[in-house]
Protein chains: 2
Amino acid sequence: MENTRKESIKRLGDLIKEVKVAMLTTIDWGVLRSRPMQTQDVDFDGALWFFTSSETHKTEEIEKDRRVNVSYSAPDSNTYVSVTGTAEIVSDRAKIEELWNPVYKAWFPKGLDDPNLVLLKVTVEQAEYWDSPSSTIVQITGLVKALVTGESADNIGEHGKVQL
Amino acid sequence: MENTRKESIKRLGDLIKEVKVAMLTTIDWGVLRSRPMQTQDVDFDGALWFFTSSETHKTEEIEKDRRVNVSYSAPDSNTYVSVTGTAEIVSDRAKIEELWNPVYKAWFPKGLDDPNLVLLKVTVEQAEYWDSPSSTIVQITGLVKALVTGESADNIGEHGKVQL
């Protein structure tokens, strides 16, 4: 079981590390909204981390309703990942400093001196992915077919579900 | 007002027509799940259409809760779109035949003879987009910054919100 969890985490980490921008969907006053989020360049261990500002609308949304989806789309490799999880705002300075990288100054010019700089942590509960070794139309076909039929998709790309 | 709506529809249509696969997020027993959906090659008029099977899990989800988000990610052009809408299953044969294209046989081998072939219609209520003329890191930066700050992002790419 522990091994399976480790393998799931590794598989998911491998799938998402190539996708630089994810779409984060939240529930906002009863409707679903999504927005692009820059993926952090850290080893995936079961939680996703994003830098954000405590003054954004999405932090309010998350305080009202913690349920989120993070989706990763890599059209070039036909990889699509759905992550279901629970979000929270983390303002722990030690964690912020641990994950901080000067490259994020582009988004947060004040860097670690920005009092509004916080982390958005998504604890992953479940993930599904549609993966394909090549980008032919047949492969895309297979991916969608796997989705539609729920079949195991060994010969038409891969659709997997991992529970963390 | 009518002109603004027309312009919004045209703008949104232009943004999403290049993205072949969207991520559809639904509420499934209280949690958010997403999956890739093949975008239909039709002029956008305020509703998004997808072919699906009436036997899939997502059609059940939509029957329970019609609120959805459709997100479009085009990393190559730094375009990200969030569409908030209401989904319904349309089994009207005339509409299915109107939107049918033999290329979809790859997904639905029985084609129009498939009794489970239905349409998933998303009536768009609101959309937001993050668009950028080039794909440099500075542009990505700008997009995320526009999101974070809520500023108009004239010089750092574009973040727009359209109400349909």
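One structure accompanies this document, and this report is about it. (Residues numbered from 1 in each chain as written. Chains lettered and ligands numbered in written order. Predicted model: local features only at pLDDT ≥ 70, side-chain atom pairs only at ≥ 80, totals over all residues. Heavy atoms only, no water.)

## Section: the pattern of salt bridges
Residue and element names in this part refer to chain B.
So, step 1. For the coordinates displayed, the defined rule picks out 16 salt bridges over all chains.
So, step 2. Taking the shortest distance from any N to any O, the salt bridge between lysine 10 and aspartate 14 comes out at 2.8 Å. Here aspartate 14 and lysine 10 lie together in helix H1 (residues 2-16), a separation of four residues that amounts to about one turn.
So, step 3. Relative accessible area serves as the criterion here: at 32%, aspartate 14 is assigned to the partly exposed category.
So, step 4. With its nearest N and O atoms 3.1 Å apart, the salt bridge here joins glutamate 61 to arginine 35. Residue glutamate 61 is found in helix H2 (residues 57-64), and its partner arginine 35 is found in strand E2 (residues 31-38); the two are separated by 26 residues along the sequence. Residue glutamate 61 shares its accessibility class with arginine 35, and that shared class is buried. (Salt bridge = Lys/Arg side-chain N within 4 Å of Asp/Glu carboxyl O. Helix = DSSP H or I, 4+ residues; strand = E, 2+ residues; numbered from the N terminus. Buried < 20%, exposed > 50% of the residue type's maximum accessible area, 1.4 Å probe, protein only.)

## Re unusual backbone geometry
Residues and elements named next belong to chain A.
So, step 1. Although it is not a glycine, tryptophan 29 adopts a positive phi angle of roughly 50°.
So, step 2. Mapped onto the elements, tryptophan 29 comes out in the loop between strand E1 (21-28) and strand E2 (31-38).
So, step 3. A relative accessible area of 71% means that tryptophan 29 is categorised as exposed.

## Here's the deal with the packing of aromatic side chains
So, step 1. Inspection of the entire model under this criterion finds six aromatic pairs over all chains.
So, step 2. Judged by centre distance (5.2 Å) and plane angle (45°), the rings of phenylalanine 51 of chain B and tyrosine 104 of chain B are tilted. On the criterion of sequence distance, the pair formed by phenylalanine 51 of chain B in strand E3 (residues 47-53) and tyrosine 104 of chain B in the loop between helix H3 (93-99) and strand E6 (117-131) is long-range, its members being 53 residues apart.
So, step 3. You can call phenylalanine 51 of chain B buried: its relative accessible area is 9%.
So, step 4. The exposure class of tyrosine 104 of chain B is buried, given its relative accessible area of 8%.
So, step 5. Following the ring pairs from residue to residue traces out a cluster consisting of Phe51, Trp100 and Tyr104 of chain A. (Phe/Tyr/Trp six-rings, centres within 6.5 Å; stacked < 30°, edge-to-face > 60°.)

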